[in-house]
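A closer look at the structure
The lines below spell out each chain.
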Amino acid sequence: EEIKIFAPATVANLSCGFDVLGCCLESIGDEMLLRKNTTGEIRITKISGQELPMEADKNVAGVAVRALLKELNSQQGFDIEIYKKIKAGSGIGSSAASSAGAVFAVNKLLNEPFSPEELIPFAMEGERLASGNAHADNVAPALLGGFNLIRSYEPLEVIHLPTPQDLRMVILHPLIEVKTMDSRSIIRQSISLQKAVKQWGNLGAFVSALYSNDYDLLGRSLKDEIVEPVRSILIPFFDELKIIARESGALGFGISGSGPSVFAMCKGEASAKQTGAAIQKYYQEKEIDFDLHLSKIG
Ligand code: HSE
């Protein structure tokens, strides 16, 4: 018995929602093949595309599957093949795709003892291994699709939000690797009340705009004075890219997850292409290697 699945990339934080907001990208992701084995062991039998640990306990997919099986008291073994298309340390949820994909597939092979929502905590264990923190803002959208808000971590409460149909994401990935663990360690642990007021105003407005299909409000809400000023230092020409994206018609622009990828949120395919071309041209002029993706919210 085996299953082949698509494990999507995701954009976490979306500027105003550090650790609590994320969305799923429809056309970027890994492939995984999982099958039951009779050894009672979880084995990572193949990884292509990236250098990642083959030892199940050191691989986010293995750790997430182990957490699921532990909850079921199951001794079932699985072989996991991972075909990575998402680069590790790119900021579009590479570890989340592997963790979420693995538990999604295992759940299917076990005839779905868990709902997609119930799989989130298992996938979060993969995130704990990868980044030192079990955040859900990548794994929740990877498992549930669309936009998701983590209302609370203890207890975990994830709210699935609507997706305005014309939204497109442009992802620009400067080809440098930023480990989430490192880019979390540089963030300050306390913020001023003044900044908090701005941030929760924007986050509330962003959620409201998803419900009302208010694209301009979405754009105005994509702001972050807390994490972005610190993390953007790691991203070549971040401020310049932001200006170019906005001038080319993007609704908003920010860091994808913990970076170094950046995202431009656009209304419609034509606008996304225009913004993609503009930021791409800038990096080409600066001779910075990059990947560029365009995607719907999936
Ligand atoms: N919310 C997490 C962070 C996402 O920003 O560190 C990591 O992809």
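For the structure, check the block above.
Residues numbered from 1 in each chain as written. Predicted model: local features only at pLDDT ≥ 70, side-chain atom pairs only at ≥ 80, totals over all residues. Heavy atoms only, no water.

**Focus: the environment of I86**
Here I86 lies in the loop between β4 (77–83) and α2 (94–109). C-alpha separation for the pair I86 and A9, spaced 77 residues apart in sequence, amounts to 7.0 Å. When neighbours within four sequence positions are excluded, I86 is seen to be in contact with A7, P8, A9, G29, D30, Q50, I92, G93, S94 and A97. (Helix = DSSP H or I, 4+ residues; strand = E, 2+ residues; numbered from the N terminus. Contact = heavy atoms within 4.5 Å.)

**What to know about a nonpolar patch on the surface**
On the surface, a nonpolar cluster with roughly 360 Å² of combined accessible area is contributed by L193, V197 and W200. The residue L193 is located in helix α6 (residues 193–212) in this model. Under the relative-accessibility criterion, L193 is labelled exposed at 61%. (Patch = residues over 30% accessible without salt bridge, like charges linked within 9 Å, V, L, I, M, F, W, Y side chains within 5 Å. Areas by Shrake-Rupley, 256 points an atom, 1.4 Å probe, with all protein chains shown as cover. Salt bridge = Lys/Arg side-chain N within 4 Å of Asp/Glu carboxyl O. Buried < 20%, exposed > 50% of the residue type's maximum accessible area, 1.4 Å probe, protein only.)

**A short note on the state of the cysteines**
Under the definition given, this model contains zero disulfides. Cysteine C24 remains unbridged, with the sulfur of C23 as its closest cysteine sulfur at 7.6 Å. In this structure C266 is a free cysteine whose sulfur lies 12 Å from that of C23, the closest cysteine sulfur available. (Disulfide = S-S within 2.5 Å.)

**Some thoughts on the site of the ligand**
Surrounding the ligand, one finds A12, N13, F18, D19, H135, D137, N138, T180, R184, R231, G257 and S258. In the model, a nitrogen atom of the ligand is placed 2.6 Å from a nitrogen or oxygen of the D137 side chain. The side chain of R184 places a nitrogen or oxygen atom 2.7 Å from an oxygen atom of the ligand. When isolated, the ligand has an accessible area of 260 Å², and the protein chains bury 97% of it. Here the residues of the shell around the ligand are counted per class, giving two nonpolar, six polar and four charged. (Near = heavy atom within 4 Å. Polar contact = N/O pair within 3.5 Å; in protein donor to acceptor, adjacent residues only side chain to side chain. Nonpolar A, V, L, I, M, F, W, Y, C, P; charged D, E, K, R; others polar.)

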